[in-house]
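Structure at a glance
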Amino acid sequence: MLPLVDSKRAGTLGSSCGVPRVHSAAPSREEGASRDIWRIKVWAGVMTTPAGSGRGFGSVSWWGLSPALDLQAERDATVFGLPTTMVPQPAFILPGPPVDPDSQADTVHSTPELDVLLLGSVDGRHLLRTLSRAKLWPRRRFNFFVLENNLEAVARHMLIFSLALEDPEKMGLQERSETFLEVWGNALLRPPVAAFVRAQADLLAHLVPEPDRLEEQLPWLSLRALKFRERDALEAVFRFWAGGEKGPEAFPMSRLWDSRLRHYLGSRYDARHGVSDWDLRMKLHDRGAQVIHTQEFRRWRDTGVAFELRDSSAYHVPNRTLASGRLLSYRGERVAARGYWGDIATGPFVAFGIEADDESLLRTSNGQPVKTAGEITQHNVTELLREVAAWGRARASRGDPEEQQRSEASPEPGTPAPTPESFTVHFLPLNSAETLHHKSCYNGRFQLLYVACGVVHLLSPELGACVAPGGNLIVELARYLVDVRQEQLQGFNTQVGERAQAAGFAPQTGARPSETFARFCKSQDSALGSTDPAVEPRTPSLDVLAQPLEASSPAPEGLTQPLEGGTPHWEPCQLPSESPGSLSEVLAQPQGALALSNCESHSNTGV
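Reading the values: the criteria
- Residues numbered from 1 in each chain as written.
- Predicted model: local features only at pLDDT ≥ 70, side-chain atom pairs only at ≥ 80, totals over all residues.
- Heavy atoms only, no water.
- UniProt positions renumbered as here; feature names shortened; annotations may be inferred.
- Helix = DSSP H or I, 4+ residues; strand = E, 2+ residues; numbered from the N terminus.
- Contact = heavy atoms within 4.5 Å.
- Areas by Shrake-Rupley, 256 points an atom, 1.4 Å probe, with all protein chains shown as cover.
- 1 Å grid on protein atoms, 1.4 Å probe; cavity = no way out; pocket = protein on both sides within 12 Å on 5 of 7 lines; lining within 4 Å.
- Points joined across faces, edges and corners; volume = space filled by probe spheres on them.
- Nonpolar A, V, L, I, M, F, W, Y, C, P; charged D, E, K, R; others polar.
- Pairing = 2+ DSSP bridges.
- Axes fitted to C-alpha atoms, helices over the stretch in contact; angles between N-to-C directions.
- Buried < 20%, exposed > 50% of the residue type's maximum accessible area, 1.4 Å probe, protein only.
- Parallel < 35°, antiparallel > 145°, perpendicular 65-115°, else oblique.
- Phe/Tyr/Trp six-rings, centres within 6.5 Å; stacked < 30°, edge-to-face > 60°.
- Lys NZ or Arg CZ within 6 Å of the ring centre and 35° of its normal.
- pLDDT = per-residue confidence, 0-100.
- Expected span 1.5 Å × (residues − 1).
- Left-handed = near helix turned anticlockwise from the far one by under 90°.
- Right-handed = clockwise from strand over helix to strand, strands pointing away.

Looking at an unreviewed UniProt entry, one finds the chain named Dynein axonemal assembly factor 3, with Macaca mulatta as its source organism. According to the UniProt record, the Sequence similarities (unreviewed entry) comment for the chain is "Belongs to the DNAAF3 family." Quoted verbatim from the Function (unreviewed entry) heading of the UniProt record, the comment on the chain is "Required for the assembly of axonemal inner and outer dynein arms. Involved in preassembly of dyneins into complexes before their transport into cilia."

Set out below in structure tokens:
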């Protein structure tokens, strides 16, 4: 049993190089030996103004801040000169990309391939939408290379994809879509959904250390690029999700959410409903998200429950997939603490809830949207999972000759029958963004590069060298970050253009104007090192968004929970200095600052 730490004696929040070491000193009776779980209580007023912290996007991102994209449409729109909403003619076939010499794929097949590199995409929405719309395009094999900032995000990718590809006979479409929404965007779960997460996490925890079983049961997944210590840490994440640490106090989500909200709002906490209404109407609505309803946004701001598909009393189990770790300094020691460090400002409504293929969902009556963002999200996710289920059925029918014959005998008109080997999701090491171009199998390989707004600082000539000549670059803009002012958005957009130009890209000709994404195309003659010195990226100064919450100020009271046991967790991040940085640096930190420092090794974990 560990003591309850008094706020006057607690150390400040820090992040230094090295492996998180769990505090294991035995407490005295005077320090509270009767308490079961200790908490770190730190004074939260150091960097907090009366208006709050102004950093509601957090330091870890769990959902996207832009609508889901069909990556194949983005690529082919450039090649064929078509708008991304147009259905192409099936006669066009693109040549395949360079072949990875380490890949086990058949190099003789004639099916062209599409290689995509995604940095900070977080929730797999772009991958799922690409697969769901694959029947509209010429048949391809997809190779998705995903680079995230933390292993919890990798674990959520795996959980979401395993749910999306679940056998329809085991879980119906409605149940699958509701489970998807709750796991993906709710801080609290219903008991049946929490039971599914525990069971699936236990299965994944057993598969991660056994490559043969993993390849057999999840042929779409490749963890071969991850380091051994990252696989061990990934297994530890699944063990925690599976209930390795019992009891609600292992991750008291409601208390953590409220503590985070109090720190974010400051003296405005008592008027939080008015603040949420202002942020919604004056910011999100003005930026194109008019379908988000006041009641659903207010409910999410208060409780973290974005999608209330049942009675509100049914949601009371903490969603452990939203847990992540931070390094704290406690009595001169580095302590690993677990808490919620994600978004509490924008919400998970943007990814699937503000756009729809069915325009009737977006119609208005008397100037008000007929459908809410939650209803649109549920419809879009249900249709997406309906289409993606074809990939899962192909996998399930592989061992059933009769089922395979039925699938081949009655394909949908104009739809190429998917196979289990038609796509692979490759997860790359956490700190590999700046070194990918050193490997010949990645140099000039990718036909499309996607960069989230939080990792724009990684866009460099070195990363551009991984994109094939004529390839595409899509950069997510900060349009839906409510804490970013309009002039800051304009400065960020300018900086994105400068960084893209320095990396060898030019604005995509004929691209439709967008305030959500910036689209570029790599010139045929661009090469590594051909950066124009006159186009060095400038950094617009900031006053409000200088650093993420944990980088500059201690954690608010009750915001953290200790990690129990010596489980390896994550690679430490290099946090920014105390001085205000650029908007790119600010937006980089919510994604966890992928640029990791060279830290000392630990004898037990090898980090």
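In this section: the overall build of the chain. Of the regular secondary structure elements, the chain holds 17 helices and 15 strands. Look at the contacts in the chain between residues 6 or more apart in sequence, and 82% of them connect residues 24 or more apart. Working note: accessible area of the chain is about 24800 Å², and carbon and sulfur atoms make up 50% of it.

We now examine the layout of surface pockets. One number sums up the size of the largest pocket: a volume of about 900 Å³. Lining the largest pocket are 37 residues; nearest its centre among them are Ala68, Arg129, Glu355, Ala356 and Asp357. Counting residues per element, the ones that place at least two in the lining of the largest pocket are α1 (71-80), α2 (125-132), α11 (350-353), α12 (373-396) and β14 (517-522). Of all the elements, α12 adds the most residues to the lining of the largest pocket, at 5 residues. Here the lining of the largest pocket is composed, by residue class, of 14 nonpolar, 9 polar and 14 charged.

A word on the sheet that holds strand β1 (residues 113-119). Judged by pairing direction, the sheet is mixed, and its 8 strands sit side by side in the order β4-β10-β2-β1-β11-β12-β14-β13 without closing on themselves. The sheet is open, and its two borders are formed by β4 (221-222) and β13 (505-507), each paired with just one other strand. With 7 bridges connecting them, β1 and strand β2 (residues 141-147) associate as parallel partners. Paired with Val116 across the bridge in β2 is Phe144. Strands in contact with helix α3 (residues 151-164) are β2, β4 and β10 (423-427); relative to β10, the strand with the most contacts, it is inclined by about 160°. Of the strands in this sheet, β12 (467-476), β13 and β14 touch helix α15 (residues 486-502), which is tilted by about 15° from β14.

Negative phi is the rule for most residues except glycine; trans is the rule for most peptide bonds. The backbone phi angle of Val122 is positive, close to 75°, even though this residue is not glycine. Secondary-structure assignment places Val122 in the loop between β1 and α2. For Val122, a relative accessible area of 4% translates into the label buried. Non-glycine residue Arg331 carries a positive phi angle of around 55°. Note that Arg331 resides in the loop between β6 (324-330) and β7 (333-339).

What follows deals with the environment of Thr364. Note on placement: Thr364 falls in strand β8 (residues 364-365). When the C-alpha positions of Thr364 and Val291 are compared, they lie 9.2 Å apart, and in sequence the two are 73 residues distant. Beyond its immediate sequence surroundings of up to four residues, Thr364 is in contact with Pro369 and Val370.

Next up on the list: the packing of α3 against helix α4 (residues 173-185). Axis separation between α3 and α4 bottoms out at 10 Å; the angle between their running directions is 170°. Here α3 is positioned roughly antiparallel relative to α4, judged by the angle of their axes. Between α3 and α4, the contacting residues are Arg156, Leu159, Ile160, Leu163 and Ala164 on the first element and Arg176, Thr179, Phe180, Val183 and Trp184 on the second. For the contact of α3 with α4, the class distribution of residues is 7 nonpolar, 1 polar and 2 charged.

This paragraph deals with the packing of aromatic side chains. According to the stated counting rule, one finds 18 aromatic pairs in the structure shown. Ring geometry for Phe142 against Phe144: centres 5.6 Å apart, planes inclined by 10°, an arrangement best described as stacked. Accessibility expressed as a relative area gives 0% for Phe144, which makes it buried. Looking at Arg272, its charged tip hangs above the ring of Tyr269, at a distance of 4.3 Å from the centre. Above the ring of Phe240, the side-chain terminus of Arg338 is found at 3.7 Å from the ring centroid.

This part covers the confidence of the model for the chain. Confidence in the prediction for the chain averages 76 pLDDT; 67% of positions are at 70 or higher. Taking the mean pLDDT of every element in the chain, the minimum, 39, falls on helix α16 (residues 549-552) and the maximum, 97, on strand β11 (residues 446-451). Predicted confidence for residues 83-109 stays below pLDDT 50, and this span has 49 contacts to residues more than four positions away or in other chains. Note on residues 528-557: pLDDT under 50 across the span, and 90 contacts to partners over four residues away in sequence or across chains.

For an α-helix, 3.6 residues make a turn, and residues three or four places apart therefore share a direction. Relative to the 18 Å expected for 13 residues at 1.5 Å per residue, α4 spans 18 Å between its end C-alpha atoms, a close match to the ideal helical length. Among the 13 residues in α4, 10 count as buried, and that is most of the element. For α4, the complete set of buried residues consists of Arg176, Ser177, Glu178, Thr179, Phe180, Leu181, Glu182, Val183, Trp184 and Gly185.

One can describe the packing of helix α9 (residues 272-284) onto helix α10 (residues 294-303) by two numbers: an axis separation of 10 Å at closest approach and a directional angle of 125°. In terms of axis orientation, α9 runs oblique to α10. As for the relative orientation of α9 and α10, their crossing is right-handed in sense. Across the interface between the two elements, Arg272, His273, Val275, Ser276, Asp277, Asp279, Leu280, Arg281 and Leu284 of α9 pack against Thr294, Phe297, Arg298, Arg301 and Asp302 of α10. Considering only residue class, the contact of α9 with α10 consists of 4 nonpolar, 3 polar and 7 charged.

Here the focus is the pairing of β2. Most of β2 sits out of view: 7 of its 7 residues are buried. Burial of the side chains of β2 extends over both faces: Arg141, Asn143, Phe145 and Leu147 are buried on one face and Phe142, Phe144 and Val146 on the other. In this region the chain leaves β1, passes through α2 and returns to the parallel neighbour β2; the handedness of that crossover is right-handed. The pairing of β2 with β10 spans 5 bridges and is parallel. Bridging from a neighbouring strand, Phe145 pairs with His426 of β10.

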